[in-house]
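The lines below spell out each chain.
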Amino acid sequence: MAAYTTIDNPELYFQTKLYTGNNSTNAITLDGSEDMQPDMVWFKSRSATTDHAIFDAVRGVTKELRPNKTDYEDTASNGLTAFGTDGFTLGDWFVVNANSATFVSWNWKVNGSGSSNSDGSTSSTVSANTTSGVSLVKHTGTGSATNIGHGLGVAPKIVISKRTNSANAWIFQSTLVADSWTSSNYLILNTTAAVASSTTIVDAASSDTISFDGGDDWVNASSDTYMHYIFTP
């Protein structure tokens, strides 16, 4: 049986925060007993039918993606404006801070804004936490088969990919969906479609890299930019 890292205090790596919007500058402090500066925050209104929104330290504050839509990365200058030592600060953007609306935020501690990683044949920018098994990876597509580093030191089990410079689907791949990465089964986060298969998305994952079998515009089109949210047990 494989040996897994024991996380004695998960609040050092992940916390959920419920809060109420105020349509103004809003400094949110996490509720856990441990201070935790998040590097990735996923938001959703609980009281309104507004979009989801993700911000992360690799792409930088104010840079938002919406997991329920195909939209490209946009700048919300009044969205998440700072990652704090135990929370984050919001502007008056209604998607994350509408007045009197209730929200949930899921907060991950990773490893700051990341650094260049050359483990793969194509370089990537990686922020990885090897204890909690979370990695934020940014790369520019090559249009042909390649691989990129993820920094986790063990093979990932989940890869969520999004093209950031133009509209495209969110691709969810996992060994929970397929028996192996070579099966290339996937789900699309922003639709209700059933599991499908493609041979040109992530088709292999090792302790150092994830591999693309081609230049599919979902994950690796030439000169396009991509964000990958990667998880392992």
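Residues numbered from 1 in each chain as written. Predicted model: local features only at pLDDT ≥ 70, side-chain atom pairs only at ≥ 80, totals over all residues. Heavy atoms only, no water.

Undergrad: How do you make sense of the overall build of the protein when you look at a structure like this?
TA: The helix and strand tally for the protein stands at 1 helix and 20 strands. Taken over the C-alpha trace, the protein has a radius of gyration of 17 Å; the compact-globule value for 233 residues is 17 Å, and the two agree within 12%. By principal-axis analysis of the C-alpha atoms, the protein measures approximately 45 × 40 × 30 Å. Taking all 233 residues of the protein together, 50% fall into the buried category. By sequence separation, contacts in the protein at least 24 residues apart represent 58% of the contacts at least 6 residues apart. Charged side chains in the protein number 12 positive and 22 negative. The centres of these two groups are separated by 6 Å. (Helix = DSSP H or I, 4+ residues; strand = E, 2+ residues; numbered from the N terminus. Rg over C-alpha atoms; globule rule 2.2 N^0.38 Å. Buried < 20%, exposed > 50% of the residue type's maximum accessible area, 1.4 Å probe, protein only. Contact = heavy atoms within 4.5 Å. Lys, Arg positive; Asp, Glu negative; His and termini not counted. Charge placed at Lys NZ, Arg CZ, Asp CG, Glu CD.)

Undergrad: Which parts of the structure should I look at to understand the environment of N168?
TA: Its location among the elements puts N168 in the loop between β14 (158-163) and β15 (171-174). Residues N168 and W218 lie 50 residues apart in sequence; the distance between their C-alpha atoms is 6.5 Å. N168 has contacts with T70, K162, R163, D217 and W218, leaving out every residue within four places of it along the chain.

Undergrad: What should I look at first to understand the nonpolar core in this one?
TA: Judged by nonpolar contacts, the single largest core of 20 residues is most densely connected at Y19, F43, L80, F88, L90 and V96. Apart from the residues lying within four places of it in its own chain, the contact partners of L80 are V41, F43, F55, V61, T62, F88, T89 and L90. Residues V137, I148, V219 and I230 belong to the second largest nonpolar core, which totals 18 residues. (Core = buried A, V, L, I, M, F, W, Y, C linked by side-chain atoms within 4.5 Å.)

Undergrad: What is the right way to read the pattern of salt bridges from this model?
TA: Close approach of charged atoms allows side chains of opposite charge to pair. Summed over the entire model, instances satisfying the criterion amount to 8 salt bridges. Taking the shortest distance from any N to any O, the salt bridge between D39 and K109 comes out at 3.6 Å. With D39 in the loop between β2 (26-29) and β3 (40-45) and K109 in the loop between β9 (102-108) and β10 (115-117), the pair connects residues that are 70 residues apart, well separated along the chain. For K109, a relative accessible area of 25% corresponds to the partly exposed category. (Salt bridge = Lys/Arg side-chain N within 4 Å of Asp/Glu carboxyl O.)

Undergrad: For this particular structure, what's the right way to read the sheet that holds strand β8 (residues 87-90)?
TA: One open sheet accounts for 3 strands, arranged β2-β8-β7; its pairing is antiparallel. Strands at the two margins of the open sheet, each flanked by one partner only, are β2 and β7 (80-84). If you compare each strand with its neighbour and ignore which way they point, the axes differ by 20° on average. Both β7 and β8 contribute to a ladder of 4 bridges, which runs antiparallel. In the sheet register, F83 faces β8, and the bridge partner there is F88. (Pairing = 2+ DSSP bridges. Axes fitted to C-alpha atoms, helices over the stretch in contact; angles between N-to-C directions.)

Undergrad: Got a minute to help me understand the environment of A98 in this structure?
TA: Among the structural elements, A98 can be located in the loop between α1 (94-97) and β9. Distance from A98 to Y229, taken between C-alpha atoms, is 27 Å for residues 131 residues apart in sequence. Setting aside chain neighbours within four positions, we find A98 in contact with G21, N22, N23, W93 and F103.

Undergrad: So what exactly am I meant to see when it comes to the pairing of strand β18 (residues 202-205) here?
TA: Every other side chain in a regular strand lies on the same face of the sheet, so the side chains alternate between the two faces. Taken together, the 3 bridges between β18 and strand β19 (residues 209-212) define a ladder with antiparallel strand orientation. Counterpart to A204 in the pairing with β19 is S211. Here β18 folds back onto β19, and the loop between the two strands holds 3 residues.

Undergrad: Explain the packing of aromatic side chains to me, please; I cannot follow it from the model alone.
TA: Within a pair of aromatic rings, the relevant descriptors are the distance that separates the centres and the angle that separates the planes. In this structure the tally under the stated criterion is 11 aromatic pairs. Centre to centre, the rings of Y19 and F88 are 6.2 Å apart; their planes meet at 70°, and the pair counts as edge-to-face. Here Y19, found in strand β1 (residues 14-20), pairs with F88, found in strand β8; they are 69 residues apart in sequence, far enough to count as distant. F88 shares its class with Y19; the two are buried. Linked through ring pairs, Y19, F43, F55, F88, W93 and F103 together constitute an aromatic cluster. (Phe/Tyr/Trp six-rings, centres within 6.5 Å; stacked < 30°, edge-to-face > 60°.)

Undergrad: Got a minute to help me understand empty space enclosed by the protein in this structure?
TA: If a probe the size of a water molecule is rolled over the atoms, the empty space left behind becomes visible. As enumerated under the stated definition, the model contains 1 cavity of 30 Å³ or more in all. By volume, the largest cavity amounts to about 30 Å³. Surrounding the largest cavity, Q173, S174, T175, A178, S180, W181, S184 and N185 form its lining. (1 Å grid on protein atoms, 1.4 Å probe; cavity = no way out; pocket = protein on both sides within 12 Å on 5 of 7 lines; lining within 4 Å. Points joined across faces, edges and corners; volume = space filled by probe spheres on them.)

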